[in-house]
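Per-entry structural report
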Amino acid sequence: MSETDRAPRRTGRGIKIALAVSLALNLLVAGLVAGAMLAHGGRGDAPAIRMLGLGPFALALPREGRDEVRERLAEGMTGLRAERARIGSSLGQVRRALLAEPFDREAAARALAASRDAAAALQAGGHAALLDTLAGMSLDERERVADRLGRALRHAPGSGDRPPRD
């Protein structure tokens, strides 16, 4: 038996990178789906506030405010579904690029850019719904939201607007 017959086969660097990216994308999609289902008890209504880049506001808004944001999002559900479908399509394109030999970096980059653009559009829709909701609140209600937001920010890493500790 020769030296090369006994040596374990090495997996190429490109394959390792492709597998890592594939795993990361699969976990991202699974997390988005699981988060949406947990946030809505499996119902097919508007996406959770946290999925649209509004995480701290999920804690800061009163239940009525969160419900109003969800209602506003539900009104624009067709656009939201289209953006979510764009993300799914983009991830499929990334998967195909991962399986190409050699790895199709340009196709993967284009697909990831399209996914990023769709995610930004989803986030912009969430921000618009939030701003519309906040604009309809009284000063007292906004002060309560600001207070709860400040408490939530105390635990946020890198928050430059942390209120002083009491």
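Here's a quick rundown of the structure.

Procedures and definitions
- Residues numbered from 1 in each chain as written.
- Predicted model: local features only at pLDDT ≥ 70, side-chain atom pairs only at ≥ 80, totals over all residues.
- Heavy atoms only, no water.
- Axes fitted to C-alpha atoms, helices over the stretch in contact; angles between N-to-C directions.
- Helix = DSSP H or I, 4+ residues; strand = E, 2+ residues; numbered from the N terminus.
- Parallel < 35°, antiparallel > 145°, perpendicular 65-115°, else oblique.
- Left-handed = near helix turned anticlockwise from the far one by under 90°.
- Contact = heavy atoms within 4.5 Å.
- Nonpolar A, V, L, I, M, F, W, Y, C, P; charged D, E, K, R; others polar.
- Expected span 1.5 Å × (residues − 1).
- Salt bridge = Lys/Arg side-chain N within 4 Å of Asp/Glu carboxyl O.
- Buried < 20%, exposed > 50% of the residue type's maximum accessible area, 1.4 Å probe, protein only.

Okay, the packing of helix α4 (residues 63–75) against helix α6 (residues 105–135) next. One can describe the packing of α4 onto α6 by two numbers: an axis separation of 9 Å at closest approach and a directional angle of 130°. Here α6 runs oblique to α4, going by the angle between their axes. Considering how the two elements wind past one another, α4 and α6 form a crossing that is right-handed. Within the contact between the two elements, α4 uses G65, E68, V69, R72 and L73 and α6 uses G125, G126, A129, L130, D132 and T133. Considering only residue class, the contact of α4 with α6 consists of four nonpolar, four polar and three charged.

It is worth spelling out helix α7 (residues 139–153) at this point. The first and last C-alpha atoms of α7 sit 20 Å apart over 15 residues, in line with the 21 Å expected at 1.5 Å per residue. At its buried positions, α7 is contacted by α3 (55–60) and α6.

With an omega of 5°, the peptide bond between E101 and P102 qualifies as cis. Within the secondary structure, P102 sits in the loop between α5 (77–99) and α6.

Here we take up the pattern of salt bridges. Going through the model one piece at a time under the given rule, you end up with four salt bridges. A salt bridge links E83 to R86; the shortest N-O distance between them is 2.9 Å. Here R86 and E83 lie together in helix α5, a separation of three residues that amounts to about one turn. By relative accessible area, which is 37% here, R86 ends up partly exposed. The salt bridge involving R151 is made with D147; its shortest N-O contact spans 2.6 Å. Of this pair, R151 and D147 both sit in helix α7, four residues apart, which is roughly one turn of the helix. Since its relative accessible area comes to 39%, R151 is described here as partly exposed.

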